[in-house]
Amino acid sequence: FFQQALFVALQPTQSSSTMPFLKVVKNKAYFMRFQVKYRRRREGKTDYYARRRLINQDKNKYNSPKYRLVVRFTNKDVIAQIAYAKIEGDHIMAAAYSHELPAYGVKVGLTNYAACYATGLLLARRLLTKLNLADAYKGADEVTGDEYHVEENADGPRPFRANLDVGLVRTTTGARVFGVLKGAVDGGLSIPHSVRRFPGYDPESKKLDAEVHKSYIFGNHVKEYMAYLEEEDAEAYNRQFSKYVAAGINSEGLEAMYKKAHAAIRKSPAHVAKPSQKEKERKRHSRVKLSLAQRRDRVKQKKAAFRKANAIEA
């Protein structure tokens, strides 16, 4: 069939009235062998090429979990989780969200690079506290923005190791996903990485400018833009930074706000459960089912009423 199609294609050009029409149609055999892709691939949610390599564990490690630092973004939130794969699905060991940061003093800007760093730091301290490793691995003593790797203790447990799972995010230089990575590493987790994708990395000199990276961690890039916009266009500033204005936060107070948040996160990273809300009374459109005692009592009442009625008539 394909040889015939090739033969027709190689024939000299003819007029439309004499040239045969050949249409390649997917036949029954094609559709019988067609294999539908996974649902989350059809929905464009999961990169299975990457996932297979992130979850497959070596056979000589005897089914020990392969942990992942999962980072995902929504329009208003940053989600960071430590997970490992099981047959029935992923099991989440610990999670941190940027919407928890207002409890630590960061009330605005919950999706920028500085908030991503704080979310990663919160996740790391929360997980290590849960595993009783918080005292053994305290992470970086000071935020410098420079390269940092957790060193294994000579005596005691090894550091908690995980691989970064970025999902479908483009891993460009300065991407926020690496802010979460840096926060988790400074918090005491062992995550294989290099500095090539941090803000401030120069591909020509192949060196990282730690001061630039540090300025992003403390929100100085937001601070500079706030100061510029406030000076150039006050109306646009009040519109774009309306939540900052309402919270009483100006460009000068950003760095101090993030420093206090980092200290507060290290002090108490544990998740505080919200009090359970009382269930509202549900409307019922049918009668409530009676218990056995209630049904027997109902029968007694009917008998008594019947006897009373008969006694009155007599």
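First, a word on what this report is: a plain description of the structure on this page. (Residues numbered from 1 in each chain as written. Predicted model: local features only at pLDDT ≥ 70, side-chain atom pairs only at ≥ 80, totals over all residues. Heavy atoms only, no water.)

## Remarks on helix α11 (residues 254-267)
The end-to-end C-alpha distance of α11 is 20 Å, a good match for the 20 Å that 14 residues give at a rise of 1.5 Å each. Residues L254, M257, Y258, A261, H262 and I265 constitute the buried set of α11. Around the axis of α11, the buried residues are gathered within 135° of arc, so they sit on the same side. Within α11, the exposed residues directed more than 90 degrees away from the buried face are K260 and K267. Buried residues along α11 sit against α5 (113-130), α7 (210-217), α8 (220-232) and α10 (242-246). (Helix = DSSP H or I, 4+ residues; strand = E, 2+ residues; numbered from the N terminus. Expected span 1.5 Å × (residues − 1). Buried < 20%, exposed > 50% of the residue type's maximum accessible area, 1.4 Å probe, protein only. Arc of directions from axis to C-beta. Contact = heavy atoms within 4.5 Å.)

## Re the sheet that holds strand β2 (residues 78-86)
In spatial order, the strands read β3-β2-β1-β4; together these four strands make up an open sheet with mixed pairing. Every other strand in the sheet has two partners, leaving β3 (89-97) and β4 (163-165) as the edge strands with one partner each. Sheet twist, expressed as the mean angle between neighbouring strand axes with direction ignored, is 30°. The pairing of strand β1 (residues 68-73) with β2 spans six bridges and is antiparallel. Residue pairing for β2: R72 is matched across the bridge by I79. Sheet strands touched by helix α6 (residues 177-186): β1, β2 and β4. Its angle to β1, the strand with the most contacts, is close to 140°. (Pairing = 2+ DSSP bridges. Axes fitted to C-alpha atoms, helices over the stretch in contact; angles between N-to-C directions.)

## Some details on a negative patch on the surface
Residues E230, E231, E232, D233 and E235 make up a contiguous surface patch of negative charge. No other element matches α8, which puts three residues into the negative patch. Summarising the element assignment, E232 is placed in helix α8. (Patch = residues over 30% accessible without salt bridge, like charges linked within 9 Å, V, L, I, M, F, W, Y side chains within 5 Å. Areas by Shrake-Rupley, 256 points an atom, 1.4 Å probe, with all protein chains shown as cover. Salt bridge = Lys/Arg side-chain N within 4 Å of Asp/Glu carboxyl O. Lys, Arg positive; Asp, Glu negative; His and termini not counted. Charge placed at Lys NZ, Arg CZ, Asp CG, Glu CD.)

## Notes on the pattern of salt bridges
According to the stated counting rule, one finds eleven salt bridges in the structure shown. Measuring nitrogen to oxygen at the nearest pair gives 2.9 Å for the salt bridge that ties D90 to R51. One end of the pair, D90, is in strand β3; the other, R51, is in helix α4 (residues 48-55), with 39 residues separating them in the sequence. The partner of R72 in a salt bridge is D165, and the shortest N-O contact between them spans 3.3 Å. Taken together, the positions of R72 in strand β1 and D165 in strand β4 put the pair 93 residues apart, joining distant regions of the chain. Taking relative accessible area as the criterion, R72 reaches 32% and is therefore assigned partly exposed. Using a relative accessible area of 8% as the deciding quantity, one classes D165 as buried. Salt bridges sharing common partners tie together R51, R68, R72, D90 and D165.

Worth remembering: the numbers are spatial, not functional.
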